[in-house]
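Listed here are the chains, written in short residue letters.
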Amino acid sequence: SALATLVLTRKNERGSDADVSMQHSKKRTSFIVDDFPHGVAETSAHSSNVEPGLEGGGVVVFPYNHEEKMRRRIASRIAVEAENVTPRNSVTVRVPGTSANMGPGYDCLGMAVDLWSEVTVERAPKFEIIASGEGAAEMPLDETNYMCVGMAAAFATAGKDVPILRYTVTNRIPYARGLGSSSAAIVAGIIAGLVLAGHKLPCWGSEALLQIAAEIEGHPDNVAPVIYGGIQLGIHNGKRWVTERIPTPPGLQMVMFIPMVIGKTSTARGVLQPEITRADAAFNIGRAAFLVNALCQGNLDNLRFGVEDKMHQPQRADKLYPFLYPMIEAAHSAGASCAYLSGAGPTVMAITSGASGDIFTQREKERTDQTVAKALLAVAKTYGVSGKVIVSQVSHEGAKVVRVDPPFSTDNILYSRDLEQQQSAKKGF
């Protein structure tokens, strides 16, 4: 069958959204974008660390060369093509919300939040989107929905036409509030599409799923934590999008004030200037480095300074969200480690510490989530902004398939995610 290779191209070198060009190939099931060409040793010819058999040229494999090890493991598997021959009838995917930018990390830094939407996609006689939950009334119910965009990209990658599908969505991620609802929809569509098409992608050496999602979204700050969970830092290295997970200190809680009004990303980007001064650039570079170091070291006192920004928050506060900086100051005074504008807004995210185990069995005095939440609501009342506070935490898991028909499990090898589905089937549900 015709199988696809995804070729990623950029419109230009600076600031533009990337194009996705999909070309079909009968020779391979998917693609790997190499950071280094095959047959080129990454050490000199005089190196004593050259693996036997590579003296004439080749990639030297050291203990930390995980991607090259994975490349060789895949190459040694004769049956790898058989991974892409089993289409499915239906699939259910859960995806987390995200909080992007985190202050100075504009378009490159993001965090998965423990707020989950669930999407079930199944082959059907007619196209339909059935939505419930957050933002169901505002959500597009046609093929412009980002779930459908992700689905189309997945089937194009598999070299197949998109079948007629029914989408059933339970949305728990606040819609268009700066918590990554669009990125969650994109990733849910891609994952569901790959499963339905019976097509699998490489991760090591290419992060193929990330490439598809980031090219649709235009940047990786939301889609990377949706896919992988945790706190993710993403860049484009000139050939592909690459990400790294940043350590998450224990005991953090996310206290987010979510206004009732929708915040359009296009509007929030429209208030930004096309250029910034060298001083502001230096300020943001230093703060982004300081933030990553604070997270790596678990130094919560430094988070407050690490999330400071001059690239987008002051402009958005001035034109769109006058309550932003008063809320940040109120959160600090109430004991938050830091606070910032989540994504393009309007949500204000405060990070607190002290959580241990199940918080409903822990003394509230050991945490500050309640006092910070009340402080945010007090500022909202002063500014006449209606909204609510949700208290959550970092999600260390990313998007996941929770149900599929037919299942991936076999009689002898059972995946834990199929247990609930198997037990329900036995009960006749």
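All values reported here derive from a predicted model rather than from experimental measurement.

A. The arrangement of the packing of aromatic side chains in detail. With the rule as written, the count across this model stands at three aromatic pairs. Between Phe-257 and Phe-323 the ring centres are 6.5 Å apart and the planes differ by 75°, which places this aromatic pair in the edge-to-face class. Placement of the pair is Phe-257 in strand 9 (residues 253-259) and Phe-323 in the loop between helix 9 (313-319) and helix 10 (324-333), with a sequence separation of 66 residues. Given a relative accessible area of 5%, Phe-323 falls into the buried group. Ring plane angle 50° and centroid distance 5.9 Å describe the contact between Tyr-321 and Phe-323, whose orientation is recorded as tilted. In this structure, Tyr-321 and Phe-323 share a single accessibility class: buried. A connected cluster of aromatic rings, assembled from ring pairs, spans Phe-257, Tyr-321 and Phe-323. It is Arg-287 that lies over the ring of Phe-283; its NZ or CZ is 3.8 Å from the centre. If you follow Lys-310 out to its NZ or CZ, it ends over the ring of Phe-283, 4.6 Å from the centre.

B. Broad picture of the environment of Ala-373. Looking at the secondary structure, you find Ala-373 in helix 11 (residues 369-382). For Ala-373, a relative accessible area of 11% puts it in the buried group. C-alpha of Ala-373 to C-alpha of Ala-330: the two residues are 43 residues apart in sequence and 9.7 Å apart in space.

C. Here's a closer look at the environment of Pro-87. Relative to the helices and strands, Pro-87 resides in the loop between helix 1 (66-75) and strand 3 (90-100). Considered as a pair, Pro-87 and Ala-197 are 110 residues apart in the sequence and their alpha carbons are 4.8 Å apart.

D. Expanded view of the confidence of the model for the protein chain. Here the protein chain averages 84 in pLDDT, while 79% of its residues score no lower than 70. Residue range residues 1-57 is modelled with pLDDT below 50. Its contacts to residues more than four positions away, or to other chains, number 107 contacts.

E. Up close: the pattern of salt bridges. Taken as a whole and judged by the stated rule, the model has nine salt bridges. A salt bridge links Asp-369 to Arg-367; the shortest N-O distance between them is 2.7 Å. For the pair Asp-369 and Arg-367, one class covers both residues: buried. A salt bridge links Lys-400 to Glu-397; its shortest N-O distance comes to 2.8 Å. Three or more residues joined by partner-sharing salt bridges are found here, namely Arg-94, Glu-118 and Arg-403.

F. Representation of unusual backbone geometry. At the junction of Gly-345 and Pro-346, the peptide bond is cis and its omega measures out at 5° in the coordinates. Its place among the elements puts Pro-346 in the loop between strand 10 (338-341) and strand 11 (348-352). A cis amide bond links Asp-405 with the next residue in sequence, Pro-406, at an omega value of -5°. Structurally, Pro-406 is set in the loop between strand 13 (400-405) and helix 12 (419-427). A positive phi angle, close to 55°, is found at Ala-176, a residue other than glycine. Inspection of the secondary structure assignment puts Ala-176 in the loop between strand 6 (165-171) and helix 3 (181-197).

G. Up close: the environment of Glu-366. When you line up the elements, Glu-366 lands in the loop between strand 11 and helix 11. Its relative accessible area of 47% is what places Glu-366 among the partly exposed residues. Taking C-alpha positions, Glu-366 is 8.9 Å from Ser-353, a pair spaced 13 residues apart along the chain. Leave out the neighbours within four places in its chain, and Glu-366 touches Ser-353 and Gly-354.

H. Structural detail: the packing of helix 10 against helix 11. Put simply, helix 10 and helix 11 touch, their axes get as near as 9 Å, and they point 150° apart. By the angle class used here, helix 10 and helix 11 are roughly antiparallel. Of the two elements, helix 10 crosses helix 11, and the hand of that crossing is right-handed. In this structure, helix 10 uses Pro-326, Met-327, Ala-330 and Ala-331 to contact helix 11, whose residues at the interface are Val-372, Ala-375, Leu-376, Val-379 and Ala-380.

About the criteria used
Residues numbered from 1 in each chain as written. Predicted model: local features only at pLDDT ≥ 70, side-chain atom pairs only at ≥ 80, totals over all residues. Heavy atoms only, no water. Phe/Tyr/Trp six-rings, centres within 6.5 Å; stacked < 30°, edge-to-face > 60°. Helix = DSSP H or I, 4+ residues; strand = E, 2+ residues; numbered from the N terminus. Buried < 20%, exposed > 50% of the residue type's maximum accessible area, 1.4 Å probe, protein only. Lys NZ or Arg CZ within 6 Å of the ring centre and 35° of its normal. pLDDT = per-residue confidence, 0-100. Contact = heavy atoms within 4.5 Å. Salt bridge = Lys/Arg side-chain N within 4 Å of Asp/Glu carboxyl O. Axes fitted to C-alpha atoms, helices over the stretch in contact; angles between N-to-C directions. Parallel < 35°, antiparallel > 145°, perpendicular 65-115°, else oblique. Left-handed = near helix turned anticlockwise from the far one by under 90°.

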